There are 2 protein chains.
Amino acid sequence: MISHASRRMFPSSACRMMSTSSFIASELTISPTSSPKEKLPKEELSFGDSFSDHMMEIDWTKEGGWGKPRISEYANLELSPASTGLHYGIQCFEGMKCYSTAEGGLRLFRPDRNMARLNSSMSRLAMPSFDGGELTSLLKEFCKVEESWVPQGAGYSLYLRPTAIGTHPFLGVDVSAHVKLFVIASPVGPYYPQGFKPVSLYADSVNKRAWPGGVGGFKLGGNYGPTIEPAKEAMAMGYNQVLWMWGDNDEVTECGAMNLFFVLEEDGKKILQTAPLDRGDILPGVTRQSIIDLAEGWEGVEVREEFPRMGDIKKAADEGRLLEAFGSGTAAVVSPIERIHYEGSDIDIDAGMGSDSITKRAWDDLNAIYYGEVNGPEGWGVDI
Amino acid sequence: MISHASRRMFPSSACRMMSTSSFIASELTISPTSSPKEKLPKEELSFGDSFSDHMMEIDWTKEGGWGKPRISEYANLELSPASTGLHYGIQCFEGMKCYSTAEGGLRLFRPDRNMARLNSSMSRLAMPSFDGGELTSLLKEFCKVEESWVPQGAGYSLYLRPTAIGTHPFLGVDVSAHVKLFVIASPVGPYYPQGFKPVSLYADSVNKRAWPGGVGGFKLGGNYGPTIEPAKEAMAMGYNQVLWMWGDNDEVTECGAMNLFFVLEEDGKKILQTAPLDRGDILPGVTRQSIIDLAEGWEGVEVREEFPRMGDIKKAADEGRLLEAFGSGTAAVVSPIERIHYEGSDIDIDAGMGSDSITKRAWDDLNAIYYGEVNGPEGWGVDI
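Residues numbered from 1 in each chain as written. Chains lettered and ligands numbered in written order. Predicted model: local features only at pLDDT ≥ 70, side-chain atom pairs only at ≥ 80, totals over all residues. Heavy atoms only, no water.

**What to know about the overall build of chain A**
In terms of helices and strands, chain A carries 9 helices and 20 strands. Its C-alpha atoms give chain A a radius of gyration of 22 Å, near enough to 21 Å, the size a compact globule of 384 residues would have. In terms of principal-axis extent, the alpha carbons of chain A reach across some 65 × 55 × 40 Å. The 384 residues of chain A split such that 62% are buried. The contacts of chain A with a sequence gap of at least 6 include a subset with a gap of at least 24, amounting to 72%. Surface exposure of chain A reaches about 13,900 Å², of which carbon and sulfur atoms provide 46%. (Helix = DSSP H or I, 4+ residues; strand = E, 2+ residues; numbered from the N terminus. Rg over C-alpha atoms; globule rule 2.2 N^0.38 Å. Buried < 20%, exposed > 50% of the residue type's maximum accessible area, 1.4 Å probe, protein only. Contact = heavy atoms within 4.5 Å. Areas by Shrake-Rupley, 256 points an atom, 1.4 Å probe, with all protein chains shown as cover.)

Next comes the structure, spelled out in structure tokens:
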């Protein structure tokens, strides 16, 4: 199917030229809605099922490059049924949050990381690149327009979803000649309204989320859909999420749609271990990297970016050296793990969130930056 | 991100109940367009960039099950920007053709195979199932409505694209509570208007299309987007398409978006070798299976469903035993291969389409069935 179509791709020189151009934040136009929606009481918010009044859109064509950014009323998209984004998985996204700080301001967290990852995902799908600083400026404008939609209080935020899809109506498997980058926003409450609720994982030896030489290191839509059915199966067995493994040694890669950390005791130190990024099958999570960056400054804690092996994790648990395990991601921040099913039996983990736990420390330190209590390292807390 | 959302999935019993129901062909409504489009001269048709007057749609909701099928004017879809099909790769499709036979009728080819595969793809993405016989009946009605869009003559057909997408506006990674199944149609000409044009392949040792434990055996949108950038790179090196490999032994899996066959000489016989399906990383192509089914009746030909290894293929070529190589798929039917780049050098293949070639025989035998010259095995040529 690819043959004829693929010969029509644009030459790499044209590609390079386009990649140096970007949309420009100063060209933004804003058309405020004339019928603002009623807001839910914040206690009734749940993740990702209600949306703010506006959306931002920027269109790209092969012929004309990037168009002008615009903010207008949140509305359905009109898409050709032949759009490349509906047929060939030409779609990628980011997850970010806009926080209302204690002083009444708005704050983003390390948006440069999301911009770099979105560029990386789009490039992997042969979509055009853009200037991350310009999109960050636009996101700030968008957050200002939606300021009344940013719920206040610990655990609350306006979840931002930048998304890029192929919109060209062409059934050849080819570079999408039309692309739409859009941003929608969903007000969200604390992931754990009644305090932390530890989750249980089922280590799936059949289904593999990603693979070396594949696209697990990019935030592509196609990485997520196939995880739903295995998650259903894990839930039917009484577990909350899937623990993803790879290879003959049952290397631990991720869990659910989160990165995964173990805390192990070794020679009187705490080892904070998570899968490394260099093989390309691990999502480079912003929360993951931030926890690593923070923990490198923690006394008595050694960060280890090496694939944990489930056999070793089980052995450490048997020997009483598996202290903690948690998932990390933008939605939940950290998600303590209390149980892992592996090869027919359960590994129980003390998912206590005591004051000396790494899980709790990561949670506290990140939240302090999110909500403006502290600024954290240079460039992390970005005030609007 | 998955945690909260995933607890909201419907129980497996409810799922099972729904999977026994289907939309019903007899409930079809047809709203003909009042403004038929002008048709291109058939010589100007190219693959997948022009579409017929109508489309077919069937919507499903978790609450109400499948709705009534309808055929109406080909038009843009109105989709929520939060649709699961735009964010999480909840999308899969089929490729089929409606042929105009020598006697003036319309014919489909093995539609039961496409129906089974679409059900399989949808199930892998936790979408609802349907009765394949009902969708085949609907496709027949659709082809009747679009009869004037089926171009006549050898190599011409109306390409049919059944597609299923998640339409629920919800950002949790979860079973999509709304689904749309739709069919669009594109009139297409011969893939090789000037006769066969053999293609060259670049054996990619870095990028892997699919993997054991993954979803390469399903026709999901997310399998296609990531192939575009590697194809661009192969073309920049002077090759038409990528040859996909897997594993330490460089097992040959597919090429471009096609299945891949080799013809090898062994002990005076012709061995027709292609990758097997049982590992789950090979798309179960209808053309692939049909060539296997036909070749099993050919004297002097032995079908071998075992992973070819590139080292063995190179050795066979060196020894003069690599007789032919070709890709197979609905769009091109068969696509002869004249050259494969592997580990720094080119393997040249005599891609002659002589009367004794397997490639030519597969082409001739399939086309005879497509265009109604013969009926082929029971259930292959399905007249409308």
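Now that the structure is up, let's keep going.
**Some thoughts on the pattern of salt bridges**
Residues and elements named next belong to chain B. Evaluated as defined, the whole model comprises 40 salt bridges over all chains. Ionic pairing is found between Glu 57 and Lys 180, a salt bridge with its closest N-O pair at 2.7 Å. Of this pair, Glu 57 sits in strand 2 (residues 54-61) while Lys 180 sits in strand 10 (residues 178-188); the two residues are 123 residues apart in sequence, bridging distant segments of the chain. Summarising the burial analysis for this pair, Glu 57 and Lys 180 share the class buried. Linking Glu 254 and Arg 209 is a salt bridge whose minimum nitrogen-to-oxygen distance equals 2.9 Å. Taken together, the residues span a long stretch of sequence, with Glu 254 in strand 13 (residues 251-255) and Arg 209 in the loop between strand 11 (199-204) and helix 6 (225-236) at a distance of 45 residues. The buried category is assigned to Glu 254, whose relative accessible area is 2%. (Salt bridge = Lys/Arg side-chain N within 4 Å of Asp/Glu carboxyl O.)

**Some remarks on unusual backbone geometry**
Although it is not a glycine, Ala 126 of chain A sits at a positive phi angle of roughly 60°. Mapped onto the fold, Ala 126 of chain A is located in the loop between helix 4 (111-124) and helix 5 (132-145). Using a relative accessible area of 7% as the deciding quantity, one classes Ala 126 of chain A as buried. One non-glycine residue, Asp 250 of chain B, lies in the positive phi region at around 50°. Mapped onto the fold, Asp 250 of chain B is located in the loop between strand 12 (241-246) and strand 13. Of the residues examined, Asp 250 of chain B reaches a relative accessible area of 14% and is grouped as buried.

**Quick word on the interface of chain B and chain A**
Each side of the interface is counted separately: chain B has 83 residues, and chain A has 83 residues. Where chain B packs against chain A, one counts 0 salt bridges. Remark: the boundary between chain B and chain A carries 30 residue pairs in polar contact (both at pLDDT 80 or more). No other element matches helix 6 of chain B, which puts 9 residues into the side of chain B that touches chain A. When the residues that make up the side of chain B that touches chain A are grouped by side-chain class, the tally is 47 nonpolar, 24 polar and 12 charged. (Polar contact = N/O pair within 3.5 Å; in protein donor to acceptor, adjacent residues only side chain to side chain. Nonpolar A, V, L, I, M, F, W, Y, C, P; charged D, E, K, R; others polar.)

**A few points about the domain arrangement of chain A**
Residue and element names in this part refer to chain A. Its domain assignment divides chain A into domain 1 (12-188) and domain 2 (199-372). Centre-to-centre separation of domain 1 and domain 2, based on C-alpha positions: 28 Å. Facing 27 residues of domain 1, the contacting portion of domain 2 comprises 20 residues. Viewed at the interface, domain 2 and domain 1 are joined by 1 salt bridge. Between Asp 293 and Arg 110 there is a salt bridge, and its shortest N-O distance comes to 3.1 Å. The interface formed by domain 1 and domain 2 contains 12 residue pairs in polar contact (both at pLDDT 80 or more). Elements that contribute at least two residues to the side of domain 1 that touches domain 2 include exactly strand 6 (91-93), strand 7 (96-100), strand 8 (106-109) and helix 4. By residue number, the principal contributor to the side of domain 1 that touches domain 2 is helix 4, which donates 6 residues. Residues that form the side of domain 1 that touches domain 2 fall into these classes: 11 nonpolar, 9 polar and 7 charged. (Domains from an automatic or database assignment.)

**Structural notes on the relation of the copies chain B and chain A**
Superposition record for chain B on chain A: RMSD 0.0 Å, screw rotation 180°, translation along axis 0.0 Å. Seen this way, the second copy is the image of the first under a two-fold rotation axis. Proximity to the rotation axis, assessed at the C-alpha, singles out Gly 222 of chain B in chain B; its C-alpha lies 2.0 Å from the axis. Here 100% of the interface residues in chain B have copies in chain A that are interface residues too; the copies meet face to matching face. (Least-squares fit on C-alpha atoms with pLDDT ≥ 70 in both.)

**Quick look at the UniProt feature "modified residue: N6-(pyridoxal phosphate)lysine" (unreviewed entry) in chain A**
The UniProt record annotates "modified residue: N6-(pyridoxal phosphate)lysine" (unreviewed entry) at Lys 219 of chain A. Turning to its location among the elements, Lys 219 of chain A is positioned in the loop between strand 11 (199-204) and helix 6 (225-236). (UniProt positions renumbered as here; feature names shortened; annotations may be inferred.)

**A look at the side chain of Arg 117 of chain A**
Residues and elements named next belong to chain A. Considering the arrangement of structural elements, one finds Arg 117 in helix 4. Look at Arg 117 and you get buried, because its relative accessible area is 8%. Contact partners of Arg 117, with chain neighbours within four places excluded, come to Glu 94, Lys 219, Leu 283, Pro 284, Gly 285 and Val 286.

**Remarks on the environment of Glu 78 of chain A**
Topologically, Glu 78 of chain A is positioned in strand 5 (residues 77-79). Counting along the chain gives 106 residues from Glu 78 of chain A to Ile 184 of chain A, while the straight-line C-alpha distance between them is 15 Å. Excluding residues within four positions of it along the chain, Glu 78 of chain A makes contact with Asn 76, Leu 77 and Glu 78 of chain B. Within the structure, Glu 78 of chain A has its side chain in polar contact with the side chain of Asn 76 of chain B (distance 3.0 Å).

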